[in-house]
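# Coordinates in review
Below are the chains, spelled out letter by letter.
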Amino acid sequence: MYTGIAPALITPAADRAILLVGSFALLLLGAEVFTNGVEWLGHRLGVSESATGSILAAVGTALPETLIPVIAILQGGEDSGHVGVGAILGAPFMLATIAMFLVGASVYYFRNRRTFGMEMHFNEEATRRDLSFFLVGYVIAFTAAFVHSRPVEYAMAALLVVLYLVYLVRSLQSGELTEGEDIDALHLGLLIERVAYRFGYNPREHGENPHFFFVALQTLLALALIIAGAHLFVSEVKWLSKEVLGIPIAIVALLIAPLATELPEKFNSVLWISRDKDTLALGNITGAMAFQGTLPVTLGIVFTDWDLSLTWGTTGFLNAFSVILAVVSGGILYLRARSAHEEPMDPKPFLIGGLFYAAFIVLLVYFVLFIGISPGAGH
């Protein structure tokens, strides 16, 4: 007999938690489908083997994680601006700390099955290039927070865009952005094949040889998924910050946005480490760092209050601390790669990133429990 108890178990908080998880699902699904569509788009446009195709793939695959701050900024309002700042800072912080820690820990974990054992063999020149562009770009972005002149801030933002374009050119010249693996079948094409087969039709190769219309349609649908997920994420992060955690909105976004936009893809690096593909594993992270440290930060500089400060006990200080930790972690790895001289590298320097991430969490807890920093705290 129905008692009416079950509906009572579904509280408003549970509804909001489900919506937050749903935003993650939309972002993850959208990013996967969008990347697949962009790869086929370049192929169908006949540029996948060219420099244009390489740039299309590099920028296209980075677009999903950039849309969260874009949507937050477009929504307007102080809270949305904080979400934007946090999402922009979160990706490079996670890449320079947790992602690098995963690389080092994976070498230890898979040491018995790896041909290289505990030694890391990778392209030192490419690693130095990626990290140098990240370090220069991120330091410029950090400095912009302390410049109180809009023309100068705009100039610094423009410089960061130019810096990323130079990075793309350098990468193309080295041949590292060229397409190296076959493209996976178009996801929408495979779905069409399955539906057609169920209705008794003999489907053509919509997955392996899709029509341009289906390629464009999948790319647009994926973009819609990402935008919907970003809208939902921004609103639910505000709720999570104010109603559940009592932590500043920017910091919540900083910590959890990369979980949906960056970290899943970076788990490929763990797989590659287990297969002795160290160059792929590290390049997957450092290439993303070069992008995140130059291009998305321009949005923060130009369109938000870019809340980084050295005032103790503020959200701005935590934001600035995340930048400092990311730069120090990246700097340590840059210096180690520079001194490698084509010799194998020990995984220990990569583990430092985990300590830096833990240090940030400890400081955050101290600020919340002992200083009483509030969800709406700003400068």
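My aim in this report is to walk through the structure given alongside it, one point at a time.

Reading the values: rules and limits
Residues numbered from 1 in each chain as written. Predicted model: local features only at pLDDT ≥ 70, side-chain atom pairs only at ≥ 80, totals over all residues. Heavy atoms only, no water. Helix = DSSP H or I, 4+ residues; strand = E, 2+ residues; numbered from the N terminus. Contact = heavy atoms within 4.5 Å. Areas by Shrake-Rupley, 256 points an atom, 1.4 Å probe, with all protein chains shown as cover. Salt bridge = Lys/Arg side-chain N within 4 Å of Asp/Glu carboxyl O. Buried < 20%, exposed > 50% of the residue type's maximum accessible area, 1.4 Å probe, protein only. Expected span 1.5 Å × (residues − 1). Bend = angle between axes of the 7 residues up to and from the residue. Core = buried A, V, L, I, M, F, W, Y, C linked by side-chain atoms within 4.5 Å. Patch = residues over 30% accessible without salt bridge, like charges linked within 9 Å, V, L, I, M, F, W, Y side chains within 5 Å. Lys, Arg positive; Asp, Glu negative; His and termini not counted. Charge placed at Lys NZ, Arg CZ, Asp CG, Glu CD. Axes fitted to C-alpha atoms, helices over the stretch in contact; angles between N-to-C directions. Parallel < 35°, antiparallel > 145°, perpendicular 65-115°, else oblique. Left-handed = near helix turned anticlockwise from the far one by under 90°. Nonpolar A, V, L, I, M, F, W, Y, C, P; charged D, E, K, R; others polar. Polar contact = N/O pair within 3.5 Å; in protein donor to acceptor, adjacent residues only side chain to side chain.

A few words now on the overall build of the protein. Helix and strand content of the protein: 14 helices and zero strands. Intrachain contacts of the protein at a sequence separation of at least 6 include 80% that bridge at least 24 residues. Surface accessibility of the protein: about 17600 Å² in total, with carbon and sulfur atoms responsible for 66%.

The final tally for this structure, using the stated rule, is seven salt bridges. Between Asp 130 and Arg 129 there is a salt bridge, with its nearest N and O atoms 3.3 Å apart. As far as burial versus exposure is concerned, Asp 130 and Arg 129 are alike and both buried.

For Thr 66, the location among the structural elements is in helix 3 (residues 51–75). The contact partners of Thr 66, leaving out residues within four places of it in the chain, are Phe 291, Pro 296 and Leu 299.

The terminal C-alpha atoms of helix 9 (residues 249–261) lie 18 Å apart, and with 13 residues this matches the ideal 18 Å at 1.5 Å per residue to within 8%. The principal kink in helix 9, of about 30 degrees, is found at Leu 255, preceding the proline Pro 258 by one to four residues. The buried fraction of helix 9 amounts to 12 of the 13 residues, a majority that puts the element mostly inside the structure.

Let us look at the nonpolar core. Phe 233, Trp 306 and Phe 360 are the most contacted members of the largest nonpolar core, which totals 96 residues. If one sorts the elements of this core by residue count, helix 4 (residues 78–109) sits on top with 13 residues. When neighbours within four sequence positions are excluded, Phe 360 is seen to be in contact with Phe 93, Ile 251, Leu 254, Leu 255, Leu 318, Phe 321, Ser 322 and Leu 325. Counting seven residues, the second largest nonpolar core, distinct from the first, contains Trp 40, Leu 41, Leu 186 and Phe 214.

Relative to the helices and strands, Leu 131 is located in helix 5 (residues 124–144). By relative accessible area, Leu 131 is classed as buried at 0%. Separated by 200 residues in sequence, Leu 131 and Gly 331 have C-alpha atoms that sit 7.6 Å apart.

Taken together, Glu 32, Glu 39, Asp 184, Glu 205 and Glu 208 make up a surface patch of like negative charges. Among the structural elements, Glu 39 can be located in helix 2 (residues 12–44).

Close contact between helix 4 and helix 14 (residues 348–371) brings their axes to 7 Å; oriented N to C, the two are set at 135 degrees. Here helix 14 runs oblique to helix 4, going by the angle between their axes. Crossing geometry of helix 4 relative to helix 14 is assigned as left-handed. Between helix 4 and helix 14, the residues in contact are Phe 93, Ala 96, Thr 97, Ile 98, Met 100, Phe 101, Val 103, Gly 104, Ala 105 and Tyr 108 and Lys 348, Phe 350, Leu 351, Gly 353, Gly 354, Phe 356, Tyr 357 and Phe 360, respectively. Split into classes, the residues belonging to the contact of helix 4 with helix 14 amount to 13 nonpolar, four polar and one charged.

You can see Thr 219 is positioned in helix 8 (residues 212–245). Side-chain polar atoms of Thr 219 contact the backbone oxygen of Val 215, separated by 2.9 Å. What Thr 219 contacts, discounting residues up to four positions off in sequence, is Phe 34, Gly 37 and Val 38.

Right, let's talk about the packing of helix 9 against helix 13 (residues 315–338) for a bit. Close contact between helix 9 and helix 13 brings their axes to 9 Å; oriented N to C, the two are set at 25 degrees. Considering the angle they form, helix 9 stands roughly parallel to helix 13. On the side of helix 9, the interface is formed by Ala 250, Ile 251 and Leu 254, while helix 13 contributes Thr 315, Leu 318, Asn 319 and Ser 322. For the contact of helix 9 with helix 13, a count of residues per class yields four nonpolar, three polar and no charged.

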